[in-house]
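Architecture and fold: a report
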Amino acid sequence: MLELDGLRIEQGDFRLAADLTVAEGARVAIMGPSGGGKSTLLGAISGFVELTAGSIRWQGKPLDPLPPAKRPLSILFQDHNLLPHLSAFENVALGLDPNLRLSAEQRRRVEAALDRVGLQGLGARRPAELSGGQISRTGLARVLLRARPLILLDEPFSALGPALKTDMLDLVEAITAEQEATLLMVTHDPADARRICPEVVVVAEGRAAPPAPTADLLDNPPPALAAYLG
């Protein structure tokens, strides 16, 4: 279980509060107006945004004292966290060893992760030589290889067309199911939430609300979300 207990973030005039829990194995979309704090919330959970008050716990253990690299999670941003001078294979292998000193078994695991996301034979290509969908798959391969119990996605598929984005969402759903991972996914598209996330956290007006059933929330959105969705 992920617990945000009395969480408060203050950055100049910006304020965000959260008191909520996310069940282990849940898939939760994070939605709300631009600038409301969706990415900031993921940043706090992953350790890149400092808390003003409160605590974050995973399975009852505090994450606050841990640096980002030591937290039991993988995070994928819009740029997919890929280094342009490394090949797809090397970018994925960073999930195992930042120094890229891999054993034969580790190399086999990297190849297996690339195969699992449909990138067979493309490991030698650099990001500039990959399509948008292939870049997304490379990022997901590293998430798959890391096998962390908590997966955070910050709109990594927003630039993809509808059909390709659907493929990526289905792959995310499959990976989280295989690994029994908990998913928090920032999205601006209600269709994304309806497709793979049974629950939604609304971030608006300085507060991240507790998870609510997706269908109920999107069919009868609160005023702040309704204004955002149009």
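Structure: above.
The notes below deal with the structure included here. (Residues numbered from 1 in each chain as written. Predicted model: local features only at pLDDT ≥ 70, side-chain atom pairs only at ≥ 80, totals over all residues. Heavy atoms only, no water.)

Considering soluble globular proteins, one finds that nonpolar side chains tend to be buried as a cluster. Residues Val110, Leu140, Leu153, Phe157 and Leu183 are the most contacted members of the largest nonpolar core, which totals 40 residues. Discounting chain neighbours no more than four positions away, the residues touching Leu153 are Leu42, Leu76, Val172, Leu183, Leu184, Met185 and Val186. Grouped together as the second largest cluster of nonpolar side chains are 29 residues, Leu2, Val22, Leu41 and Leu184 included. (Core = buried A, V, L, I, M, F, W, Y, C linked by side-chain atoms within 4.5 Å. Buried < 20%, exposed > 50% of the residue type's maximum accessible area, 1.4 Å probe, protein only. Contact = heavy atoms within 4.5 Å.)

We now examine the packing of helix H4 (residues 132–146) against helix H5 (residues 162–179). Where H4 contacts H5, the two axes come as close as 11 Å, and the packing angle between them is 5°. When the axis of H4 is compared with that of H5, the two are roughly parallel. Counted together, Gly133, Ser136, Arg137, Leu140, Val143 and Leu144 of H4 and Leu164, Asp167, Met168, Leu171, Val172, Ile175, Glu178 and Gln179 of H5 form the full contact between these two elements. Residue composition of the contact of H4 with H5, by class: 8 nonpolar, 3 polar and 3 charged. (Axes fitted to C-alpha atoms, helices over the stretch in contact; angles between N-to-C directions. Helix = DSSP H or I, 4+ residues; strand = E, 2+ residues; numbered from the N terminus. Parallel < 35°, antiparallel > 145°, perpendicular 65-115°, else oblique. Nonpolar A, V, L, I, M, F, W, Y, C, P; charged D, E, K, R; others polar.)

This part is about the pairing of strand E8 (residues 182–186). Within E8, 5 of the 5 residues are buried, which leaves the element mostly enclosed by the surrounding structure. Strand direction decides the pairing type here: strand E3 (residues 27–31) and E8, joined by 4 bridges, are parallel. Counted as the bridge partner of Arg27 is Leu183 from E8. Both strand E7 (residues 150–154) and E8 contribute to a ladder of 5 bridges, which runs parallel. Residue Asp154 lies in a different strand from E8, and its bridge partner there is Val186. One crossover worth recording links E7 to the parallel E8 by way of H5, and it is right-handed. (Pairing = 2+ DSSP bridges. Right-handed = clockwise from strand over helix to strand, strands pointing away.)

Right, let's get into the pairing of E7. A large share of E7 lies buried, amounting to 5 of its 5 residues. Across the two faces of E7 the burial is the same, with Leu150, Leu152 and Asp154 and Ile151 and Leu153 all buried. Here strand E6 (residues 73–76) pairs with E7 via 4 bridges, running parallel. For Ser74, the partnering residue across the bridge sits in E7 and is Ile151.

This part takes up unusual backbone geometry. Its identity is not glycine, yet Glu155 carries a phi of approximately 50°, on the positive side. Structurally, the position occupied by Glu155 is in the loop between E7 and H5. Backbone geometry places Glu180, a non-glycine residue, at a positive phi of 55°. When you line up the elements, Glu180 lands in the loop between H5 and E8.

For Arg116, the location among the structural elements is in helix H3 (residues 104–116). Sequence separation between Arg116 and Ala174 is 58 residues, and the spatial gap between their C-alpha atoms is 11 Å. Aside from chain neighbours lying at most four places away, what touches Arg116 is Leu144, Leu171, Ala174 and Glu178.

With that settled, the discussion passes to the packing of H3 against H4. As a packed pair, H3 and H4 sit with axes 9 Å apart at the nearest point and diverge in direction by 130°. Regarding the angle of H3 to H4, the classification is oblique. Here H3 and H4 pass one another in a crossing that is right-handed. Here Arg109, Val110, Ala113, Leu114 and Arg116 of H3 come into contact with H4, specifically with Ala141, Leu144 and Leu145. Its residues assigned to classes, the contact of H3 with H4 comprises 6 nonpolar, no polar and 2 charged. (Left-handed = near helix turned anticlockwise from the far one by under 90°.)

Without other data, these values stay purely geometric and don't point to any function.
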